[in-house]
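Spelled out from the first residue to the last, the chains are:
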Amino acid sequence: MKPLEQLVRKNIWSLAPYSSARDEYSGKEAHVFLDANENPYNDPYNRYPDPLQRDLKAQITKVKGIPAEMIFLGNGSDEAIDLPYRIFCEPGRDNVVAIEPTYGMYRVCADINNVEYRPVLLDERYQLYADQLLAATDEHTKIIWICSPNNPTGNSLDRDEILKVITGFQGIVIVDEAYSDFSSQKPLRMELAAHPNLIVLNTFSKAWGLAAIRLGMAFASPDIIAIYNKVKYPYNVNLLTQRQAMEALKDPFETDKWVKLLLGERTRLMAAFAELPICEKVYPTDANFFLAKMTDAQKIYDYLVDRGVIVRNRTRVQLCQNCLRITIGMKGENNELLSALRQYN
Ligand SMILES: *Cc1c(COP(=O)(O)O)cnc(C)c1O
């Protein structure tokens, strides 16, 4: 890895961050707070929340096994995806490399930040080759994006190939593990200590069932996290979100229960799809969704919409022609989908 100072944009490296009242005094002993121009009434919503979400991070450490100084929390993974562009990529000059097909936000954030996006096609099994990704980089490549289990394909990418990318690249490698709670593979976040150029993304939006509160996580070296914290909005995670996440983390077994249920339903739904005459192929998955190649994805999608059942039509995505992406729902929802498809002709 190149020294961080060479990877980070000059203006960010030398940035003096905004210092809020709550940064300057964060002790718990004081009882009169007249420092932040808050309204003294309407407790507890009158007070600015903890800008570094310390209590919440302490809970996350227990569940995820990552120390607090290696955790960034943001307004969804969206913030954790956008910030590395603003931290590392000089607009109009630097570029990023990513697998294709994958999650759309990596490209949207590249476009917003005026950073060249270089997609590298996966093979027909939706696997990556480290050598191909590395060959797409040049001296202006700051980030390589990998998503595993991948969206929309659902499969986990070959762990050894991912590690080859991480060790073979001089810049930052970001592995999005939004779906790792559904996978039996060992998560890459466990390898952070050995790889200072690795950033791993997790989210509360999927297994935790908290998409509405907008809370995403980035795990990385303390040096990288310190830069994330310098660039983020001071109060990027609001009090309601912090509290709701704390509640969920108190009972991680609830999440485990949901995951087990969903994995059971996934097995059942995939087996049923394999039997449908209009389904040509069900792709292996490690996530809470799967990809199915249909005889005519657009027609079947429209038919399902008419019946009030919405799946994701991915037919226009490269390597996903005629594919629908099916999120695993509750048993009754999955049955509605199946019975509609069985009546399709
Ligand atoms: C759903 C998803 C996320 C979650 O994004 P949030 O902003 O945290 O809701 C992140 N990455 C991938 C690949 C996803 O599919």
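To be clear, the structure that these remarks concern was listed above.
Source: prediction; values computed, not measured. Sequence order sets the numbering: in each chain, residues are counted from 1 along the sequence as written. Totals for whole chains, interfaces and linings use every residue, but because this is a predicted model, local features are given only for residues with pLDDT of at least 70 and side-chain atom pairs only at 80 or more, for both listing and counting. For side-chain calculations, the full set of non-hydrogen atoms in the structure is used, while hydrogens and water are omitted.

Student: Tell me what's going on with the pairing of strand β7 (residues 216-219), and back it up with residues and numbers.
Tutor: Three labels apply to residues, based on accessible area from a 1.4 Å probe with only protein chains included: buried if under 20% of the type maximum, exposed if over 50%, partly exposed otherwise in between. Secondary structure is summarised from DSSP: a helix means a run of H or I of at least four residues, a strand means a run of E of at least two, and numbering begins at the N terminus for each. On β7, burial covers both faces: G216 and A218 on one face and M217 and F219 on the other are all buried. Pairing analysis gives four bridges linking strand β1 (residues 71-74) to β7, with the strands arranged antiparallel. What sits directly across from I71, in β7, is F219. Taken together, the four bridges between strand β6 (residues 198-203) and β7 define a ladder with antiparallel strand orientation. What sits directly across from L201, in β7, is A218. Any two strands between which DSSP finds at least two bridges are classified as paired.

Student: Break down the sheet that holds β1 for me, citing the residues and quoting the values.
Tutor: The seven strands lie next to each other as β1-β7-β6-β5-β4-β2-β3, forming an open sheet whose pairing is mixed. Taken across any chain shown, the strands that pair with only one partner, and hence form the sheet edges, are β1 and β3 (116-121). With strand direction ignored, the average angle separating the axes of adjacent strands in the sheet is 20°. Two elements, strand β2 (residues 95-100) and β3, share six bridges in a ladder whose sense is parallel. Across the sheet, V96 pairs through a bridge with Y117, a residue of β3. Contacts from helix α5 (residues 76-88) reach β1, β2, β3, β4 (141-147), β5 (172-176), β6 and β7, with the element oriented near 160° to β4. Every axis corresponds to a line fitted to the C-alpha atoms, with the helix fit spanning only the stretch in contact, and the corresponding angles, defined between N-to-C directions, vary from 0 to 180 degrees. The contact criterion used is simple: two residues touch if any of their non-hydrogen atoms lie within 4.5 Å.

Student: Kindly report on helix α13 (residues 331-342), identifying the contributing residues and their values.
Tutor: An ideal rise of 1.5 Å per residue puts 16 Å on 12 residues; α13 measures up with 16 Å between its terminal C-alpha atoms. Looking at the buried positions of α13, the neighbouring elements they touch are α11 (252-275), α12 (297-306) and β11 (323-327). Helix span, as expected, comes to 1.5 Å for every residue beyond the first.

Student: Describe in detail the side chain of K64, supporting the description with residues and values.
Tutor: Structurally, K64 is set in helix α4 (residues 54-64). If we ignore the near neighbours within four places in the chain, the residues touching K64 are D181, R189, M190, N202, W208, M217 and F219.

Student: Quick one: what's the story with the nonpolar core, residue by residue and with numbers?
Tutor: One finds Y85, F88, W145, I146 and I199 to be the most contacted residues of the largest nonpolar core, which totals 77 residues. Ranked by residues supplied to this core, first place goes to α5 with six residues. The contact partners of I146, leaving out residues within four places of it in the chain, are I99, L128, L133, L157, I162, V165, V173, I174, V175 and D176. Take the buried Ala, Val, Leu, Ile, Met, Phe, Trp, Tyr and Cys residues and link them wherever side-chain atoms come within 4.5 Å; each set so joined is a nonpolar core. Counting 24 residues, the second-largest nonpolar core is a separate cluster that includes L269, C279, A297 and L341.

None of the figures reported here should be taken as evidence of function without further support.
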